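Coordinate analysis (summary)
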Amino acid sequence: MTVEITSHEELRELLGAPMPRAVTKERPVLHARDRDWLAASPFCLVATAGADGSCDVSPKGDPPGFAMVLDERTIAIPERPGNRRADGYRNILDNPHVGLIFLIPGRTDTLRINGRARLVRDAPWFDDMVVKGHRPILAVVVEIEQIFYHCAKAFLRSQLWQPESWQPDALPSRARLIKEVENPAESLADLERYYGPQYATTIYT
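This section reports on the structure supplied with the text. These numbers were taken from a predicted model, which means no experiment stands behind them.

Side note on the sheet that holds strand S1 (residues 43-49)
Taken together, the 7 strands give an open sheet; going across it, the order is S2-S1-S5-S6-S7-S4-S3, and neighbouring strands pair in antiparallel fashion. For this open sheet the edge positions go to strand S2 (55-61) and strand S3 (68-71), each flanked by a neighbour on one side alone. With direction set aside, neighbouring strand axes in the sheet form an average angle of 35°. Bridge count for S1 against S2 is 7 bridges, and the pairing is antiparallel. Among the inter-strand pairings, Phe43 is bridged to a residue of S2, identified as Gly61.

Structural notes on the layout of surface pockets
A water-sized probe, rolled over the atoms, reveals where empty space remains. Of the volumes computed, that of the largest pocket is approximately 1,100 Å³. Lining the largest pocket are 34 residues, and of these Glu79, Arg80, Pro81, Gly82 and Asn83 sit closest to its centre. Within the residue set of the lining of the largest pocket, elements represented by two or more residues are S1, S2, strand S4 (74-79), helix H4 (87-94) and strand S7 (138-150). With 6 residues, the single largest contributor to the lining of the largest pocket is S2. Here the residues of the lining of the largest pocket sort into 17 nonpolar, 8 polar and 9 charged. One number sums up the size of the second largest pocket: a volume of about 390 Å³. For the lining of the second largest pocket, the elements supplying multiple residues, two or more each, are helix H2 (20-24), S7 and helix H5 (153-158).

A few points about the pattern of salt bridges
Note that side chains of opposite charge can pair when their charged atoms are close. Across all of its chains, the model carries 12 salt bridges by this definition. With a closest N to O distance of 2.9 Å, Arg33 and Asp36 form a salt bridge. Remark: Asp36 and Arg33 occur in helix H3 (residues 32-40); sequence separation between them is 3 residues, near one turn of the helix. A relative accessible area of 58% places Arg33 in the exposed class. Judged by relative accessible area, which is 40%, Asp36 ranks as partly exposed.

Remarks on a nonpolar patch on the surface
On the surface, a cluster of nonpolar side chains totalling about 390 Å² of accessible area is made up of Ile5, Leu11, Leu14 and Leu15. Turning to its location among the elements, Leu14 is positioned in helix H1 (residues 8-15).

Section: the nonpolar core
With 23 residues, the main nonpolar core has Leu38, Ile75, Ile77, Leu100, Phe102, Ile113 and Val142 as its most contacted residues. Those elements that provide at least two residues to this core are H3, S1, S4, H4, strand S5 (97-103), strand S6 (110-120) and S7. Per-element accounting of this core gives the leading share, 5 residues, to S7. For Ile113, the contacting residues outside a window of four places in its chain are Ile75, Val98, Gly99, Leu100, Phe102, Val142, Ile144, Gln146 and Ile147. Counting residues in hydrophobic clusters, the runner-up holds 9 residues, among them Met68, Ala76, Ala123 and Val141.

Examining the pairing of S4
Counting buried positions along S4 gives 6 out of 6 residues, so the element sits mostly inside the fold. Where S3 lies against S4, 3 bridges are found, and the strand directions are antiparallel. Bridge pairing in S4 places Met68 opposite Ala76. From the end of S3 to the start of S4, which pair antiparallel, there are 2 residues. In the sheet, S4 pairs with S7 via 6 bridges, with the strands oriented antiparallel. Note on S7: the bridge partner recorded for Glu79 is Leu138.

Definitions and cut-offs
Residues numbered from 1 in each chain as written. Predicted model: local features only at pLDDT ≥ 70, side-chain atom pairs only at ≥ 80, totals over all residues. Heavy atoms only, no water. Pairing = 2+ DSSP bridges. Helix = DSSP H or I, 4+ residues; strand = E, 2+ residues; numbered from the N terminus. Axes fitted to C-alpha atoms, helices over the stretch in contact; angles between N-to-C directions. 1 Å grid on protein atoms, 1.4 Å probe; cavity = no way out; pocket = protein on both sides within 12 Å on 5 of 7 lines; lining within 4 Å. Points joined across faces, edges and corners; volume = space filled by probe spheres on them. Nonpolar A, V, L, I, M, F, W, Y, C, P; charged D, E, K, R; others polar. Salt bridge = Lys/Arg side-chain N within 4 Å of Asp/Glu carboxyl O. Buried < 20%, exposed > 50% of the residue type's maximum accessible area, 1.4 Å probe, protein only. Patch = residues over 30% accessible without salt bridge, like charges linked within 9 Å, V, L, I, M, F, W, Y side chains within 5 Å. Areas by Shrake-Rupley, 256 points an atom, 1.4 Å probe, with all protein chains shown as cover. Core = buried A, V, L, I, M, F, W, Y, C linked by side-chain atoms within 4.5 Å. Contact = heavy atoms within 4.5 Å.

Coordinates in, geometry out; function isn't part of it.
Next comes the structure, spelled out in structure tokens:
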């Protein structure tokens, strides 16, 4: 029998009260160490929700320090060429609330930022976001409402950074997955060429 949780009270009774440190660690402005973390992070996840409540999580990655600190309460994340679905960006236009998780490879803790986002198509600081000669096509500006460090337990349980736990060949290649799951018009050979070694040379164009 499936037993569903339907109230905040029931959830709190099941989980218990959070440790005081977990409650008081939230801050509304960047600390110097937060800036250091952002300067070292090459990857983050951006969570958004549309006006109808539908959700999206998009990965963003660039050289370490790609998330620019504009001031103690504001950061900006550049957009690079992608699949053009713009799911998260369409959500932001309808609902500005976002959640971000910044990772540093090898670290089991993460930096979390929640706030309000807006899309910017140009600004003077875009010139400081150029990578390999390519200027971002837009940026997400996030006004920080809540920032804190998240504990390491999920990374320790998953053994995410332990190479001996990695199984990259547990599933077929990207090209084969697309052919089997999405059934595109392209042949498998064409997909394998597209996602072959040259793919890494096109990520900024």
